[in-house]
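# Chains, contacts and geometry: an overview
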Amino acid sequence: MIIQGITSGPPLGIPKPNPVRTIIPKAEVDASHVPAKLEIRNRSAEMRTDWRQVWDELGLLRPSTYQREMDKKMEAEFAQELIVNVRQGDEAGDLRNPSKPNIFGRQAYEDYMRRSKVEVAIDVAPKSRVKFDIRVHPPEIDIQTRPIGKAKT
């Protein structure tokens, strides 16, 4: 047996080992950022008041009832002013009665006194309180996250 150079491999009689192969597949990685979705919904607070006890205690009327009474009062005042104007016109036009000197000055004084009546009202704080009903709604928060997907193989 002639050996010409060095041969690689096991000595004679020992089987040659098979080389180990490792297969690494290509990894596909998607590192893009997917933001979460956040929604916040706010509802305004609701407030209701109940003034009925205060109005009743102070003797005040509801707005609609007050408007009706004011309309009636204005009609009565207009009718009264009309009656006074008619009476003063008849008095000034009566030329048969010269015994009343300075008739226009007297009528002006009567008008001034009639129209300058002062009405005084003293208001105090009511004993009963206004009832408040306040409802505050918490914000509605909705968060949607996206799970990280599995790597493709």
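First things first, this report covers the structure right here in the doc. The shown structure was predicted, so the numbers you read here are calculated from the model rather than taken from an experiment. The written sequence of each chain sets the order in which its residues are numbered from 1. Local features in this predicted model are restricted to residues whose pLDDT is 70 or higher, and side-chain atom pairs enter the listing and the counts only when it is 80 or higher, whereas totals over whole chains, interfaces and linings include all residues. Excluding hydrogens and water, the side-chain figures rest on all heavy atoms present in the structure.

Before going further, it helps to examine the overall build of the protein. Looking only at helices and strands, the protein features three helices and four strands. Element order for the protein, N to C, with α for helix and β for strand: β-β-α-α-α-β-β. Expressed as a percentage of the 153 residues in the protein, the buried residues total 5%. Intrachain contacts of the protein at a sequence separation of at least 6 include 77% that bridge at least 24 residues. On the protein, roughly 15,200 Å² of surface is accessible, and the fraction owed to carbon and sulfur atoms is 58%. Only DSSP runs of H or I reaching four residues or more are called helices, and only runs of E reaching two or more are called strands; each is numbered from the N terminus. For every residue, the accessible area obtained with a 1.4 Å probe (protein chains only) is divided by the maximum for its type, and the residue is called buried under 20%, exposed over 50%, and partly exposed between those limits. Should any heavy atoms of two residues lie within 4.5 Å, those residues are considered in contact. The accessible surface values rely on the Shrake-Rupley method and a 1.4 Å probe; as for residues, cover is taken only from the protein chains in view.

Further remarks concern the pattern of salt bridges. By convention in these notes, a salt bridge is any Lys or Arg side-chain nitrogen within 4 Å of a carboxyl oxygen on Asp or Glu. Taken as a whole and judged by the stated rule, the model has 11 salt bridges. Put simply, arginine 106 and glutamate 91 hold a salt bridge, and the shortest N to O gap is 2.6 Å. Here arginine 106, found in helix α3 (residues 103-115), pairs with glutamate 91, found in helix α2 (residues 63-93); they are 15 residues apart in sequence, far enough to count as distant. Residue class for glutamate 91 comes out buried when judged on its relative accessible area of 16%. Its salt-bridge partner being arginine 114, residue aspartate 111 comes within 3.1 Å of it at the nearest N-O pair. Of this pair, aspartate 111 and arginine 114 are both found in helix α3, three residues apart, which corresponds to roughly one turn of the helix. For aspartate 111, a relative accessible area of 15% gives the class buried.

Moving on, we get to α3. Taking 1.5 Å of rise per residue, the 13 residues of α3 would be expected to cover 18 Å, and the 18 Å separating its terminal C-alpha atoms lies within 8% of that figure. Those residues of α3 that sit buried are Ile103, Gln107 and Asp111. The buried residues of α3 occupy an angular sector of 75° when projected down its axis, which confines them to one face. Set apart from the buried face of α3 by more than 90 degrees, the exposed residues are Tyr109 and Tyr112. Those residues of α3 that are buried are in contact with α2. Expected span, for any helix, means 1.5 Å times one less than how many residues it has. Arc definition: directions from the helix axis to the C-beta atoms.

All right, on to a nonpolar patch on the surface then. On the surface, a cluster of nonpolar side chains totalling about 420 Å² of accessible area is made up of Leu38, Ile40, Ile141 and Ile143. Those elements that place two or more of their residues in the nonpolar patch are β1 (37-41) and β4 (140-144). With respect to the helices and strands, the residue leucine 38 is situated in strand β1. With relative accessibility at 54%, the residue leucine 38 sits in the exposed group. Excluding any residue in a salt bridge, patches collect residues exceeding 30% relative accessible area, merging like charges within 9 Å and nonpolar Val, Leu, Ile, Met, Phe, Trp and Tyr side chains within 5 Å.

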